[in-house]
Amino acid sequence: MTRGEGWMMTVADPAFRWGVDASRVERVIGRAEWSGAMPVDGAARLGGGVIRDEATRVMLFATETEALPLLARGEIALERVDGEARSPVPELLRRAGCSDALLGFVFRGPGEVTFLVAPELLTPPVTSEESHA
Amino acid sequence: MGAARSAQIELLPLGIGPIWAAIHAECAVEILGRTPWIPVPSASELIPGVIAHRGRAVAVLDLGVVLPDLPRLTARSTRERVVIARTSLGLVALPVEKVHEVVSVPSAEVREATLTRGSPFEVTIDDKAMPLVDLETILEQRGLARPGAG
């Protein structure tokens with residue numbers, strides 16, 4: 001997501017709310033309708049833990065080489081975000097080991113935040129639905 | 001007179017529960033009221049999350065990781081005060097319960113720690129022995145500081 005105004009597709013995952021650059025989301029389909037590669041559990045890869053929940057959808061996120069299927073667990077919303085509302089990851093947090101896939105924060109209110117994620121930078125999971133296949 | 005002044009250091013005592021610690025007052029930028037902190041997935045114990053400060057994310061530093069007598073931060077726990085402090089890597093937020101007024105003490109009163117744990121140095125303020133926390137040293141010891149910083 002570039003600076004300035006833009007759209008973010010957010011997922012209200014039970015672990016935390018995360019979002020991606022909406023312009024790169026090709027489509028969202030039901031989990032049962034998806035028959036391609038095992039979807040990436042973005043929340044689990046980011047460190048949110050594994051939550052088994054069948055009520056999920058698959059978000060196809062465009063990368064340079066392919067459409068990456070992301071597991072979207074929770075309500076999905078399209079939100080307009082201006083550049084001022086986005087905060088970068090503090091250098092100290094990054095140096096202390098925070099995932100490179102975390103691009104920044106959109107603060108929604110006291111103690112409420114959406115984590116902006118770069119799905120292509122998510123590292124392989126320790127365990128998740130992906131490994132339960 | 002000038003020499004006497006230069007021998008004074010200004011400290012900011014911070015309280016969490018019954019325990020007090022002091023930081024160098026010159027590091028403190030602002031003291032906020034009750035401000036929720038947000039745990040960040042994949043973050044470390046020392047820097048477990050962020051707070052929103054003036055629309056920007058500020059890294060939270062858990063003093064409980066450094067000072068074993070202090071309780072650790074827990075997810076969604078909110079303390080009464082947050083001290084925003086300056087480091088070579090930008091601002092850090094220190095959630096605490098109490099903040100004392102700045103105290104000027106003779107630098108000779110800073111001594112090697114024998115009564116407190118977690119910092120090599122301690123000082124006594126208002127009859128309370130407390131560790132003297134140097135934020136830059138913490139970052140250096142954890143391999144987080146920029147080479148040559150501090």
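Model, not experiment: these values are computed from the prediction.

Colleague: Outline the interface of chain A and chain B, listing residues and values.
Modeller: Listed as interface residues are 26 residues of chain A and, on the opposing side, 25 residues of chain B. Buried area between chain A and chain B, summed over both chains or domains, comes out near 1900 Å², and the portion from carbon and sulfur atoms is 68%. A per-residue breakdown of the area chain A buries against chain B is headed by A:L92, A:R95 and A:F107, which together make up 32% of the total. Applying the counting criterion to the chain A and chain B interface returns 0 salt bridges. Listing elements by their share of the side of chain A that touches chain B, those giving two or more residues are α1 (42–48), β7 (86–88), α2 (91–95), β8 (102–109) and β9 (112–117) of chain A. Per-element tally for the side of chain A that touches chain B: the top contributor is α2(A), with 4 residues.

Colleague: Describe the packing of aromatic side chains, listing the residues and the values that go with them.
Modeller: Residue and element names in this part refer to chain A. Tallied over the full model, the rule gives 3 aromatic pairs over all chains. Ring plane angle 90° and centroid distance 5.3 Å describe the contact between F16 and F115, whose orientation is recorded as edge-to-face. With F16 in the loop between β1 (6–12) and β2 (17–21) and F115 in strand β9, this pair connects stretches of sequence that are 99 residues apart. Looking at F16, the relative accessible area reads 10%, which means it is buried. Here the aromatic rings of F105 and F107 are separated by 6.0 Å at their centres, their planes lie at 15°, and the arrangement is stacked.

Colleague: Give me the lowdown on unusual backbone geometry, citing residues and values where you can.
Modeller: All names here are of chain B. With a phi angle near 80°, S42 is a residue other than glycine that sits in the positive phi range. Residue position: S42 is located in the loop between β4 (38–39) and β5 (49–53). Phi at R54 takes a positive value of approximately 55°, unusual for a residue other than glycine. In this structure, R54 sits in the loop between β5 and β6 (56–60). What makes R54 exposed here is its relative accessible area of 67%.

Colleague: Can you tell me about the nonpolar core, naming the residues and giving the values?
Modeller: In terms of nonpolar packing, the biggest core is built from 61 residues, with A:M59, A:F105, B:I47 and B:L94 touching the most fellow members. When neighbours within four sequence positions are excluded, B:L94 is seen to be in contact with B:L14, B:I23, B:L61, B:L63, B:R81, B:V82, B:V83, B:A85 and B:L135. Counting 10 residues, the second-largest nonpolar core is a separate cluster that includes B:L11, B:V103, B:I125 and B:M130.

Rules used in this analysis
- Residue indices follow the written sequence of each chain, beginning from 1 at its first position.
- Key to labels: chains lettered from A, ligands numbered from 1, both in the order written.
- Given that this is a predicted model, residues contribute local features only at a pLDDT of at least 70 and side-chain atom pairs are listed and counted only at 80 or more, while totals for whole chains, interfaces and linings are drawn from all residues.
- With hydrogens and water set aside, each side-chain value is computed from the structure's full complement of heavy atoms.
- Any two residues having at least one pair of non-hydrogen atoms within 4.5 Å are treated as being in contact.
- By buried area we mean the combined loss of accessible area, with a 1.4 Å probe, across both parts when two parts are placed together.
- Salt bridges are defined as contacts in which a side-chain nitrogen from Lys or Arg sits within 4 Å of a carboxyl oxygen from Asp or Glu.
- Numbering of helices and strands runs from the N terminus, with a helix taken as a DSSP run of H or I at least four residues long and a strand as a DSSP run of E at least two residues long.
- Each Phe, Tyr or Trp ring, with Trp reduced to its six-membered ring, pairs with another whose centre is within 6.5 Å; inter-plane angles below 30 degrees give stacked pairs, above 60 give edge-to-face pairs, and intermediate values give tilted ones.
- Throughout, exposure labels follow a simple rule: accessible area from a 1.4 Å probe, protein chains only, divided by the maximum for the residue type, with under 20% read as buried, over 50% as exposed, and the rest as partly exposed.
- In these notes, a set of buried Ala, Val, Leu, Ile, Met, Phe, Trp, Tyr and Cys residues joined through side-chain atoms within 4.5 Å is what counts as a nonpolar core.

Such coordinate-based values are descriptive only and should not be taken to indicate function.
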